[in-house]
Amino acid sequence: MPAAAALSHSAESYGNDPELEMMWAMKAYQHAEIYFNLISSVDPRFLKLTKSDSRIYSEFRSQFRELNVRLLNPEDLKSESAKAAWRSFCMQFEGEVEDFNYGTLLRLDCSKDYTEENTIFVTRIQFFAVEIARNREGCNTAVYESSAKGKTGNVGNGNPQEGEDETKSVAGT
């Protein structure tokens, strides 16, 4: 069965087919890789991920005011009480955000790349909510700045380029 056709069916129509699970994992990984490359190449503060970014951000911060998006605790996403809160949040976007409930990968620590230890599986709307917040709140800027410095050959060598403030960290503080 071609991947695109298989992935277009609802999850309920399949059992635990290892081949299908591998296709979903590959799709989620490709999405993660593309997103990380994007925030490494473009200042994330100016990214628009969906046509509903403003509403997603507003609803997210009204319902999850205290959630630390810089460093996520898996319990804030996966505990029983968190699942109930997230379910309520997510369902608001059914029909508004395409594939809102598809699975995708999310970094726990936004200053790091996708690794097995730094990744959690979430719904796409959870990914959008957290990443829109990270972008708007400047949390993903460190990834972009680190990548920009890497392109100039200045990362980790301890020698600021002429005119560069040597006290400035990667996070811009």
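Scoring rules and cut-offs
- All chains use their own residue numbering, which begins from 1 and follows the written sequence.
- Given that this is a predicted model, residues contribute local features only at a pLDDT of at least 70 and side-chain atom pairs are listed and counted only at 80 or more, while totals for whole chains, interfaces and linings are drawn from all residues.
- In computing side-chain properties, one takes all heavy atoms of the structure into account and sets aside hydrogens as well as water.
- The quantity called pLDDT is the predictor's confidence in a given residue, expressed from 0 to 100.
- Runs of E in the DSSP output that reach at least two residues are strands. Runs of H or I that reach at least four are helices, and both are numbered from the N terminus.
- By definition, residues are in contact when any of their heavy atoms lie within 4.5 Å.
- Axis definition: a line fit to C-alpha positions, over the contact stretch in the case of helices; interaxial angles, taken between N-to-C directions, run 0 to 180 degrees.
- An angle below 35 degrees is treated as roughly parallel, one above 145 as roughly antiparallel, one from 65 to 115 as roughly perpendicular, and anything else as oblique.
- Amino acids outside the nonpolar list (Ala, Val, Leu, Ile, Met, Phe, Trp, Tyr, Cys, Pro) and the charged list (Asp, Glu, Lys, Arg) are all regarded as polar, and Gly is one of them.
- The salt bridge definition used is simple: a Lys or Arg side-chain nitrogen within 4 Å of an Asp or Glu carboxyl oxygen.
- Exposure is judged per residue with a 1.4 Å probe applied to protein chains only, and the accessible area is read against the type maximum: over 50% gives exposed, under 20% gives buried, and values in between give partly exposed.
- Helices are assigned an expected span. That span is 1.5 Å times one less than the residue count.
- Classification of ring pairs rests on two measures: the distance between centres of Phe, Tyr or Trp rings, Trp counted by its six-membered ring, which must be within 6.5 Å, and the angle between planes, read as stacked under 30 degrees, edge-to-face over 60 and tilted in between.
- In this analysis the charged atom, NZ for Lys or CZ for Arg, is taken to sit over a ring once it is within 6 Å of the ring centre and within 35 degrees of the ring normal.

The subject of this paragraph is the confidence of the model for the protein chain. For the protein chain, mean pLDDT is 82; residues scoring 70 or higher make up 77% of the total. Within the protein chain, no element has a lower average pLDDT than helix 1 (residues 3–7), which sits at 57, and none a higher one than helix 3 (residues 53–63), at 98. With pLDDT under 50 throughout, residues 153–173 is counted as low confidence; its partners more than four residues away or in other chains account for 23 contacts.

Located in the positive-phi region is Asp99, a residue other than glycine, with phi close to 55°. With respect to the element layout, Asp99 can be found in the loop between helix 5 (80–91) and strand 1 (103–107).

What follows is about the packing of helix 5 against helix 6 (residues 124–136). The geometry of helix 5 relative to helix 6 is characterised by a closest axis approach of 10 Å and an angle of 90° between their N-to-C directions. In terms of orientation, helix 5 and helix 6 fall into the roughly perpendicular class. Residues Trp86, Phe89 and Cys90 of helix 5 lie in contact with helix 6, whose contacting residues are Ile125, Gln126, Ala129 and Val130. Considering only residue class, the contact of helix 5 with helix 6 consists of six nonpolar, one polar and no charged.

According to the stated counting rule, one finds nine salt bridges in the structure shown. A salt bridge links Arg61 to Glu137; the shortest N-O distance between them is 2.9 Å. One end of the pair, Arg61, is in helix 3; the other, Glu137, is in the loop between helix 6 and helix 7 (141–151), and 76 residues separate them in sequence. Assessed through its relative accessible area of 33%, Glu137 is described here as partly exposed. The residue Glu80 makes a salt bridge to Lys83 at a minimum N-O spacing of 3.9 Å. Taken together, the residues span about one helical turn, with Glu80 and Lys83 both in helix 5 at a distance of three residues. Residue Glu80 is classed as exposed on the basis of its relative accessible area, which comes to 63%. Through salt bridges with shared partners, a single ionic network connects Arg55, Glu59 and Glu96.

Looking now at helix 6. Taking 1.5 Å of rise per residue, 13 residues should cover 18 Å, and helix 6 covers 18 Å from first to last C-alpha, within 8% of that figure. Buried within helix 6 we find Arg124, Ile125, Gln126, Phe127, Phe128, Ala129, Val130, Glu131, Ile132, Ala133, Arg134 and Asn135.

What follows concerns the packing of aromatic side chains. Inspection of every chain in the model, using the stated rule, returns eleven aromatic pairs. Taking 5.3 Å as the distance between ring centres and 80° as the angle between the ring planes, the aromatic pair formed by Trp24 and Tyr102 counts as edge-to-face. Of this pair, Trp24 sits in helix 2 (residues 18–41) while Tyr102 is found in the loop between helix 5 and strand 1, placing the two residues 78 residues apart along the sequence. According to the relative accessible area criterion, Trp24 is partly exposed, its value standing at 25%. Here the aromatic rings of Phe64 and Trp86 are separated by 4.2 Å at their centres, their planes lie at 20°, and the arrangement is stacked. With a gap of 22 residues between them, Phe64 in the loop between helix 3 and helix 4 (75–78) and Trp86 in helix 5 connect regions that are remote in the sequence. Like Trp86, Phe64 is buried. An aromatic cluster is defined as three or more aromatic residues linked by ring pairs; in this entry it consists of Phe60, Phe64, Trp86, Phe89 and Phe93. Sitting over the face of the ring of Tyr114, Arg107 holds its NZ or CZ atom 5.8 Å from the ring centroid.

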